[in-house]
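# A look at the structure
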Amino acid sequence: MVDFYISRGIEFNDDKKFFHPPILSYIAEINNNFVGAITICKEGNDFILDEVAVVENYEKQGVCTALVNFAISKIKKEYGESKFYLVAKNPEVFKNMGFNIIQREEAPNFSECFSCPNFQKICFPEIMVKTLKK
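Now for a quick tour of the structure.

Parameters at a glance
- Residues numbered from 1 in each chain as written.
- Predicted model: local features only at pLDDT ≥ 70, side-chain atom pairs only at ≥ 80, totals over all residues.
- Heavy atoms only, no water.
- Core = buried A, V, L, I, M, F, W, Y, C linked by side-chain atoms within 4.5 Å.
- Buried < 20%, exposed > 50% of the residue type's maximum accessible area, 1.4 Å probe, protein only.
- Helix = DSSP H or I, 4+ residues; strand = E, 2+ residues; numbered from the N terminus.
- Contact = heavy atoms within 4.5 Å.
- Phe/Tyr/Trp six-rings, centres within 6.5 Å; stacked < 30°, edge-to-face > 60°.
- Pairing = 2+ DSSP bridges.
- Axes fitted to C-alpha atoms, helices over the stretch in contact; angles between N-to-C directions.

## Some details on the nonpolar core
- Counting residues in hydrophobic clusters, the biggest one holds 25 residues, and the most contacted among them are Ile-38, Ile-40, Leu-49, Val-68, Phe-84, Phe-94 and Phe-99.
- Contributions of two or more residues to this core are made by strand E1 (22-30), strand E2 (33-43), strand E3 (46-54), helix H2 (63-79), strand E4 (82-88) and strand E6 (126-132).
- When residues no more than four places from it in sequence are discounted, the contact partners of Ile-40 are Pro-22, Ile-23, Leu-24, Phe-47, Ile-48, Leu-49, Ala-71, Ile-75 and Phe-84.
- Formed by 10 residues, the second largest nonpolar core is a distinct cluster that contains Tyr-85, Phe-119, Ile-127 and Val-129.

## Focus: the environment of Asn-33
- Structurally, the position occupied by Asn-33 is in strand E2.
- The spatial distance from the C-alpha of Asn-33 to the C-alpha of Val-2 is 18 Å, given a sequence separation of 31 residues.
- Look past the residues within four positions of Asn-33 in its chain and what remains in contact with it is Ala-28 and Tyr-58.

## Points about the packing of aromatic side chains
- For the structure on display, the rule yields five aromatic pairs.
- On the basis of an interplanar angle of 55° and a centroid distance of 4.7 Å, the ring pair of Phe-47 and Tyr-79 is categorised as tilted. With a gap of 32 residues between them, Phe-47 in strand E3 and Tyr-79 in helix H2 connect regions that are remote in the sequence.
- A residue is classified by how much of its surface remains accessible, and Tyr-79, at 36% relative accessible area, is partly exposed.

## Digging into the pairing of E1
- As judged from the eight bridges shared by E1 and E2, these two strands associate in the antiparallel manner. Its bridge partner being in E2, Ser-25 is matched across the sheet by Thr-39.
- Counted along the chain from E1 to the antiparallel partner E2, the turn is two residues long, and its residue Asn-31 has a positive phi close to 50°.

## Some words on the sheet that holds E6
- What the six strands build is an open sheet, ordered E1-E2-E3-E4-E6-E5; its pairing is mixed. Every other strand in the sheet has two partners, leaving E1 and strand E5 (100-102) as the edge strands with one partner each. On average, each strand axis in the sheet is inclined to that of its neighbour by 30°, with strand direction left out of account.
- For E3 and E4, the ladder comprises two bridges, and the chain directions are parallel. Pairing of Ile-48 across the sheet is with Tyr-85, part of E4.
- Running over the sheet, H2 touches E1, E2, E3, E4 and E6 and is turned about 140° from E1.

## Here's the deal with unusual backbone geometry
- Phi at Asn-31 is positive, roughly 50°, even though this residue is not glycine.
- Mapping Asn-31 onto the fold places it in the loop between E1 and E2.
- At Asn-32, a position not held by glycine, the phi torsion is positive, near 65°.
- Along the polypeptide, Asn-32 turns up in the loop between E1 and E2.

The following block contains the structure:
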């Protein structure tokens, strides 16, 4: 799935490894066609939406929202109350799903974005969190 994520503009380090080991990955299909994927990692008691991407022809059709909501429901069911973090290049999408923008200092060190020399200089993603309650 890493190659798919890269094809959709998601950055990976040169060895194409996740910053934290993934614990959950799901794909979305419509009529047996692959249309998107999501990967979730765990950091202590918190979860990280590490990657989510949708095939270009299926953007703006609710696939991203369905993937995120499905992953959240699985995490809530299995782990209960926790926090779900992400770094968003398009924060409006995630605001509509109940995520809130937070300051870097409020988040654990969950993304290689934080050590990138371009972070908050020429690349300005938002750090976001959603508290998952039972």
